[in-house]
Amino acid sequence: MSAHGEEITEFERQSCLVLEESVLRIDGRVRSRLNQARHAAIEAAAARRRPLWRFFTLAPTAGAAAAALLVAMVLWHRGPQVEVPLPPTVGEAPHPGEDLDLLADGEALDLIQDGDGSGAFYEWAADQTEGNGNETAT
Amino acid sequence: MPVSTHGDVELSDSSTNAHSRTLNQFLAGVELKAFKIAQAALRHEDDALDAVQDAMLQLARAYADKPAEEWKPLFYRILENRIRDMQRRRTVRGRVIAWLPFRGDDEDDEPDPIAQAPSNDPSPVKKLELAEAMGALEKALGELPRRQQQVFLLRTLEGLDVAETAIAMGCSEGSVKTHYFRALQALRQQLGESYV
């Protein structure tokens, strides 16, 4: 009778005996290698099952590390402000965009059209500038 | 299912401890028989060891979460696939080598002292009888077609039932019965009804 309740013949019984005996005679080298293989397989299975709970265990540590990294990044970006020295300029040349601002300014049109439209304001302004220049020179 | 308890793994991981112990017991229980089955098919010790090792790893990686009762047929199914791959590769390699002008004998024939150590020591007369019967059976098994050899070893040595053998071999239960019947017939013809 087999393990599954099936009738077995004398031939099958003898064969089973012989095969089991041959298994018992497997030498030490093979047994050792099979043992190593088994350990490797169990380690592989354990490693496969590990990540989920490892994640929860390591979550506080990982969070703290991420926070520290974030703070370090922020501090690095807001570090000592170095003022870049401007190149030395000759006089006070007006910025090129300044003329454009004057032209686009709606008040400028009013000044041109001021009074009789002769541009008296600009003449006056020019006189003032020349006068100041002369005063400075003297 | 009787399982061997030798070589239990020391496991520190408490959450996976029970599962690893079950897997360890299962693998310890099948590894020697699996090796014999692989060796009968491949007729090469190191190839057989590689096949069993691969099957163990594959089972552990892909099927360890399955219920333990399903492991045995799955393990033998994986092993059978691995054996078939190795046989195919060997056939291709044999074809390539056949074209080469010189074939050196690379077999490592150095005697290993550990390998020489017998693992069991029955009485000398019984030992001789069994050794002769083993030799005769192994020779007769080697001459069987692959499927018959496989079904005979799975059923007689590993003790799988028809359904489990069918899963392990990837065929129907009817095929298992047919292959097994033919295997028994061929072996009886070669060895006689009582050969031990």
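Residues numbered from 1 in each chain as written. Chains lettered and ligands numbered in written order. Predicted model: local features only at pLDDT ≥ 70, side-chain atom pairs only at ≥ 80, totals over all residues.

1. Observations concerning the overall build of chain A
Then, number 1: Counting its regular elements, chain A contains 5 helices and 0 strands.
Then, number 2: Start at the N end of chain A and walk to the C end: the helices and strands fall as α-α-α-α-α.
Then, number 3: Counting across all 138 residues of chain A, residues that qualify as buried make up 9%. (Helix = DSSP H or I, 4+ residues; strand = E, 2+ residues; numbered from the N terminus. Buried ≥ 20, exposed ≤ 12 C-beta atoms within 10 Å, placed from the backbone.)

2. Re the packing of helix α7 (residues 162–169) of chain B against helix α8 (residues 173–191) of chain B
Residue and element names in this part refer to chain B.
Then, number 1: For the pair α7 and α8, interaxial distance at closest approach is 8 Å and the crossing angle is 100 degrees. Considered as vectors, α7 and α8 are oriented roughly perpendicular to each other. Within the contact between the two elements, α7 uses V162, A163, T165, A166 and M169 and α8 uses E173, V176 and K177.
Then, number 2: Of the residues belonging to the contact of α7 with α8, the class tally is 5 nonpolar, 1 polar and 2 charged. (Axes fitted to C-alpha atoms, helices over the stretch in contact; angles between N-to-C directions. Parallel < 35°, antiparallel > 145°, perpendicular 65-115°, else oblique. Contact = placed C-beta atoms within 7 Å. Nonpolar A, V, L, I, M, F, W, Y, C, P; charged D, E, K, R; others polar.)

3. Let's talk about unusual backbone geometry
Then, number 1: In this structure, R43(B) is a non-glycine residue whose phi angle is positive, near 55 degrees.
Then, number 2: Note that R43(B) resides in the loop between α1 (14–42) and α2 (45–63).

4. As for the nonpolar core
Then, number 1: Core analysis: the biggest nonpolar cluster contains 55 residues, and F35(B), A38(B), V52(B), A55(B), L59(B) and L79(B) have the highest contact counts within it.
Then, number 2: Per element, the largest residue contribution to this core is 11 residues, and it comes from α1(B).
Then, number 3: Leaving out residues up to four positions away in the same chain, L59(B) has contacts with A41(A), A64(B), W71(B), L74(B), F75(B) and I78(B). (Core = buried A, V, L, I, M, F, W, Y, C linked by C-beta atoms within 7 Å.)

5. As for the interface of chain B and chain A
Then, number 1: Every contact between the two is made by 47 residues of chain B and, on the other side, 39 residues of chain A.
Then, number 2: Those elements giving two or more residues to the side of chain B that touches chain A turn out to be α1, α2, α4 (113–116), α5 (124–142), α6 (146–157) and α8 of chain B.
Then, number 3: Tallying contributions element by element places α1(B) first for the side of chain B that touches chain A, with 13 residues.
Then, number 4: For the side of chain B that touches chain A, the per-class residue count stands at 25 nonpolar, 12 polar and 10 charged.

6. Side note on the confidence of the model for chain B
Residue and element names in this part refer to chain B.
Then, number 1: Mean pLDDT over chain B works out to 84, with 79% of the residues at or above the 70 mark.
Then, number 2: Ignoring residues within four places in sequence, the model shows residues 1–11, a span with pLDDT below 50, making 19 contacts including any to other chains.
Then, number 3: Both scores are available for the predicted complex, with the pTM at 0.62 and the ipTM at 0.75. (pLDDT = per-residue confidence, 0-100.)

7. Side note on the packing of α6(B) against α7(B)
All names here are of chain B.
Then, number 1: Orientation of α6 relative to α7, taken along the N-to-C sense of each, is 135 degrees, at an axis distance of 10 Å. Of the possible angle classes, the one that applies to α6 and α7 is oblique. Note on packing geometry: the crossing formed by α6 with α7 is right-handed. For the pair α6 and α7, the contacting residues are Q150, V151, L154 and R155 in the first and T165, A168 and M169 in the second.
Then, number 2: Here the contact of α6 with α7 is built from residues that sort into 4 nonpolar, 2 polar and 1 charged. (Left-handed = near helix turned anticlockwise from the far one by under 90°.)

8. Notes on α6(B)
Residues and elements named next belong to chain B.
Then, number 1: Taking 1.5 Å of rise per residue, the 12 residues of α6 would be expected to cover 16 Å, and the 16 Å separating its terminal C-alpha atoms lies within 8% of that figure.
Then, number 2: The element α6 is extensively covered by neighbouring structure, given that 10 of its 12 residues are classed as buried.
Then, number 3: Among all positions in α6, only Q148, Q149, Q150, V151, F152, L153, L154, R155, T156 and L157 are buried.
Then, number 4: G159 lies just past α6 and shows a positive phi near 75 degrees. (Expected span 1.5 Å × (residues − 1).)

9. Some remarks on α7(B)
Then, number 1: Considered for burial, the residues of α7(B) that qualify are E164(B), T165(B), A166(B), A168(B) and M169(B).
Then, number 2: Following α7(B) by one or two positions, G170(B) has its phi on the positive side, about 70 degrees.

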